[in-house]
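What follows is the residue order along each chain.
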Amino acid sequence: METLESLRGKMESAEDLYSIARTMKVLAAVNVRHYREALESLVEYYRTIEMGLQIVLQSEARSIPGMETVPGSALGAIVIGANQGLAGQFSNRVVSYALRGMDKLAAPSDQRHVLVIGLRTAAHMDVAGHPVEKAIASPSSLAGVTSSVIDVLLKVEEWREQHDVQRIVLFFNTPTSGTSFHTRMRWLLPVDLDWLRDLQTTAWDSRVLPMFTMDRGQLFSALLHQYFFVLLYRAFVESLTSENTTRLATMQAAEQNIEDRLREITTRYHHLRQSSITEELLDIASGFEALTDVEGE
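Residues numbered from 1 in each chain as written. Predicted model: local features only at pLDDT ≥ 70, side-chain atom pairs only at ≥ 80, totals over all residues. Heavy atoms only, no water.

Right, let's get into the pairing of strand β4 (residues 167-175). Burial runs high along β4: nine of the nine residues are buried. Across five bridges, the pairing between strand β1 (residues 75-80) and β4 is parallel. Paired with L75 across the bridge in β4 is R167. Of the strand pairs in this sheet, β4 and strand β5 (residues 181-189) are connected by eight bridges, and their pairing is antiparallel. Its bridge partner being in β5, I168 is matched across the sheet by L189. Taken together, β4 and the strand that follows it, β5, pair antiparallel across an intervening segment of five residues, in which G178 is found at a positive phi of about 65°. (Buried < 20%, exposed > 50% of the residue type's maximum accessible area, 1.4 Å probe, protein only. Helix = DSSP H or I, 4+ residues; strand = E, 2+ residues; numbered from the N terminus. Pairing = 2+ DSSP bridges.)

Take the packing of helix α1 (residues 4-59) against helix α5 (residues 193-201) next. Closest axis-to-axis distance for the α1/α5 pair is 8 Å, and the angle between their directions is 70°. With respect to α5, the element α1 is oriented roughly perpendicular. In this structure, α1 crosses over α5, and the sense of that crossing is right-handed. The residues of α5 that touch α1, namely those facing Y46, E50, L53, Q54, L57 and Q58, are W195, L196, L199, Q200 and T201. Looking at side-chain class alone, the contact of α1 with α5 contains six nonpolar, four polar and one charged residues. (Axes fitted to C-alpha atoms, helices over the stretch in contact; angles between N-to-C directions. Parallel < 35°, antiparallel > 145°, perpendicular 65-115°, else oblique. Left-handed = near helix turned anticlockwise from the far one by under 90°. Contact = heavy atoms within 4.5 Å. Nonpolar A, V, L, I, M, F, W, Y, C, P; charged D, E, K, R; others polar.)

Here it is as structure tokens:
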């Protein structure tokens, strides 16, 4: 049976949950704005790298340097997820998509090297029964993205040197319109030769191609390293944007549900309190009447 004390306790718990949901909603909204601004900045940075590669590739009518490697059967998979929950199906979807993607790429299970960013996503991967070679915490802000990208690049180099991994693919969530997202796969290695050939044949915007004094091969290698960096950085930011957008929607729904629940509990509390007051008044009235009858005798 409900009492005023039990209902008061439920009201306090609901108010605490409401405060938490509201705080998380505000934080997610702020993060989404910052991440979207970062994505806009990355577009220009990516375009600058493309222009540099275009200059190098068009400087001499030769084949693309250093691209003779033929990919083997080993596969490196980088799954970018989240550390925390309260973001709907964010981790489940990227894990399911990554597992299906690795199966389609026909990589033998003993030649799969999986790096997961996001401790919660790594836990989902374990539950799915797929071994994870290494799991690292996902960055909680833009300030931590650079160090996370460097950690991933170091792992990629380790795969290439120790296990001859020449195929490396990214799996991550990317935002769409509104609060939705979809999961995608993007190749890190091998580099898309068709894309490089397009850059080599695309006409430069002006009549004179810019000059450079650095060795062509070294400059090409340096630009590719920057390309890998911005590709990973963008994947991280897109994942963080999707995570916080989903969390924002989840917290908005939770906030509304808590408001409805709190309103319901408050109504029941007031009804019970009013009933209790009425009962007390009736008891007082009954006592007064009994006392009056005794005095009248």
